[in-house]
Amino acid sequence: MRITLERSNLLKSLNHVHRVVERRNTIPILSNVLLKAEGNDLEMKATDLDLEITEKTASMVEQAGATTVPAHLLYEIVRKLADGAEVSLATATDGQTISVASGKSKFSLQCLPQEDFPDLTAGSFSHAFKLKASDLKMLIDRTQFAISTEETRYYLNGIYFHAMAEGKALKLRAVATDGHRLARAEIDAPSGCENMPGVIIPRKTVGELQKLLDDPEIIVAVEVSDAKIRFTIGSVVITSKLIDGTFPDYQRVIPANNDREMRIDCADFTKAVDRVSTVSSERGRAVKLSLAEGQLTLTVNNPDSGSATDELAVGYDSEPMDIGFNAKYLLDITGQLTGDEAVFLFADAGSPTLVRDTDSENALYVLMPMRV
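Quick summary incoming for the structure in this document.

Cut-offs used in this document
- Residues numbered from 1 in each chain as written.
- Predicted model: local features only at pLDDT ≥ 70, side-chain atom pairs only at ≥ 80, totals over all residues.
- Heavy atoms only, no water.
- Pairing = 2+ DSSP bridges.
- Helix = DSSP H or I, 4+ residues; strand = E, 2+ residues; numbered from the N terminus.
- Axes fitted to C-alpha atoms, helices over the stretch in contact; angles between N-to-C directions.
- Contact = heavy atoms within 4.5 Å.
- Polar contact = N/O pair within 3.5 Å; in protein donor to acceptor, adjacent residues only side chain to side chain.
- Core = buried A, V, L, I, M, F, W, Y, C linked by side-chain atoms within 4.5 Å.
- Buried < 20%, exposed > 50% of the residue type's maximum accessible area, 1.4 Å probe, protein only.
- Phe/Tyr/Trp six-rings, centres within 6.5 Å; stacked < 30°, edge-to-face > 60°.

**Details of the sheet that holds strand E9 (residues 105-110)**
Pairing is antiparallel in the open sheet, where five strands are placed in the order E5-E1-E7-E8-E9. Looking at which strands have only one partner, the edges of the open sheet turn out to be strand E5 (60-63) and E9. Across the sheet, the axes of successive neighbouring strands diverge by a mean angle of 15°, strand direction being ignored. Sitting on the sheet, helix H1 (residues 7-18) is in contact with strand E1 (2-6) and strand E7 (86-91), with an inclination near 95° to E1. Packed onto the sheet, helix H2 (residues 71-80) meets strand E8 (97-102) and E9 and runs at close to 175° relative to E9.

So this is what it looks like as structure tokens:
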């Protein structure tokens with residue numbers, strides 16, 4: 001293999017694919033990125049056996065071929081080369097090393113044969129549809145903070161994507177929950193979602209997707225089967241295994257009859273929660289919301305360091321009530337709201353609270369209260 005390409009193009013593609021590679025691997029080939037030169041392209045592929053990313057980038061191919069190179073090492077070398085430089089990659093005749101040359105800089109890296117590189121893309125996909133990158137990004141951004149990090153409840157370690165009939169309309173929904181809070185976002189279902197199986201996309205795949213959806217106008221092609229999902233975003237293809245588990249019936253925990261409504265300026269509320277939680281303990285992080293007509297008092301008590309209170313004017317005309325929440329969870333939710341006002345719908349101090357955004361009907365949040 002012998003090719004030449006722009007450093008910026010090589011770096012951009014390596015930046016997309018090398019992140020999948022785990023820093024520590026018991027299987028040496030999984031530390032490598034597969035380089036495959038043919039036609040006018042260099043194709044790069046990296047995998048951790050659960051997630052695979054490939055990307056093609058334009059290059060001058062003098063001699064077609066393929067090999068695998070340590071991913072993080074190659075990325076660091078290319079990152080440190082001069083801006084605007086051209087990079088030449090050439091494998092030795094025995095295929096055991098590859099030279100990376102740019103200007104007067106030259107490196108020689110150990111290779112492993114491409115035949116050993118695992119392939120995740122086998123199998124067919126039963127459903128395919130397309131949607132705007134901005135829509136997919138919205139679904140992910142509004143829900144990913146609520147993904148559980150508790151490994152024992154593995155079926156909560158991702159975002160649940162599914163098509164759902166709502167009246168006569170079909171919606172594509174994303175839901176995440178960790179048992180303490182729940183986030184749900186939806187868009188009008190694109191054509192091809194009909195009868196799609198509900199799938200749980202793993203946390204790591206969600207994180208990589210988020211970084212690739214920077215162009216809102218690009219159209220993303222999505223293919224789904226019972227075991228895998230594939231996203232094609234421009235020249236990048238992400239193939240991921242799905243979490244093999246059953247997502248809980250989240251509809252049961254979304255309250256339908258919360259009739260005590262509080263409307264509050266979102267920015268003021270966020271700042272006030274952040275202020276009073278300064279004195280909260282790392283373990284507790286509880287903030288008490290005391291509601292009376294037209295007024296909200298926020299209180300934090302920490303026996304070790306002290307207490308804090310703050311008051312805000314709110315739109316509230318129901319019975320007075322006290323309710324406690326984890327301050328971090330409150331801030332996570334208000335951080336997703338795009339409207340000027342947040343709407344909180346309460347039942348009582350022991351029941352889940354519903355939070356809505358005045359700017360978007362497409363997302364809602366559920367938060368479990370704490371004892372305070």
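Picking up where we left off.
**Considering the side chain of serine 360**
Positionally, serine 360 belongs in strand E25 (residues 360-367). At 3.2 Å, the side chain of serine 360 and the backbone nitrogen of asparagine 362 are in polar contact.

**Quick notes on the nonpolar core**
Core analysis: the biggest nonpolar cluster contains 97 residues, and Leu35, Leu89, Phe231, Phe269 and Leu298 have the highest contact counts within it. With near-sequence residues (within four places) excluded, leucine 35 lies in contact with Met1, Leu42, Glu43, Met44, Gly65, Ala66, Thr67, Val69, Leu74, Leu89 and Ile98. In terms of nonpolar packing, the next biggest core, distinct from the first, is built from 14 residues, Leu156, Tyr160, Val175 and Leu182 among them.

**Here we look at the packing of aromatic side chains**
The description of an aromatic ring pair uses the distance of the two centres, along with the angle that the planes make with each other. According to the stated counting rule, one finds six aromatic pairs in the structure shown. Ring geometry for tyrosine 160 and phenylalanine 247: centres 4.8 Å apart, planes at 10°, overall stacked. You can see tyrosine 160 sitting in strand E11 (residues 158-166) and its partner phenylalanine 247 sitting in the loop between strand E17 (236-241) and strand E18 (260-265), a full 87 residues away along the chain. You'll find tyrosine 160 and phenylalanine 247 in the same group, each marked buried. Between tyrosine 160 and tyrosine 250, the ring centres sit 6.5 Å apart and the planes meet at 70°, which makes this aromatic pair edge-to-face. Residue tyrosine 160 is found in strand E11, and its partner tyrosine 250 is found in the loop between E17 and E18; the two are separated by 90 residues along the sequence.

In short, the description is geometric, and any link to function would need to be established separately.
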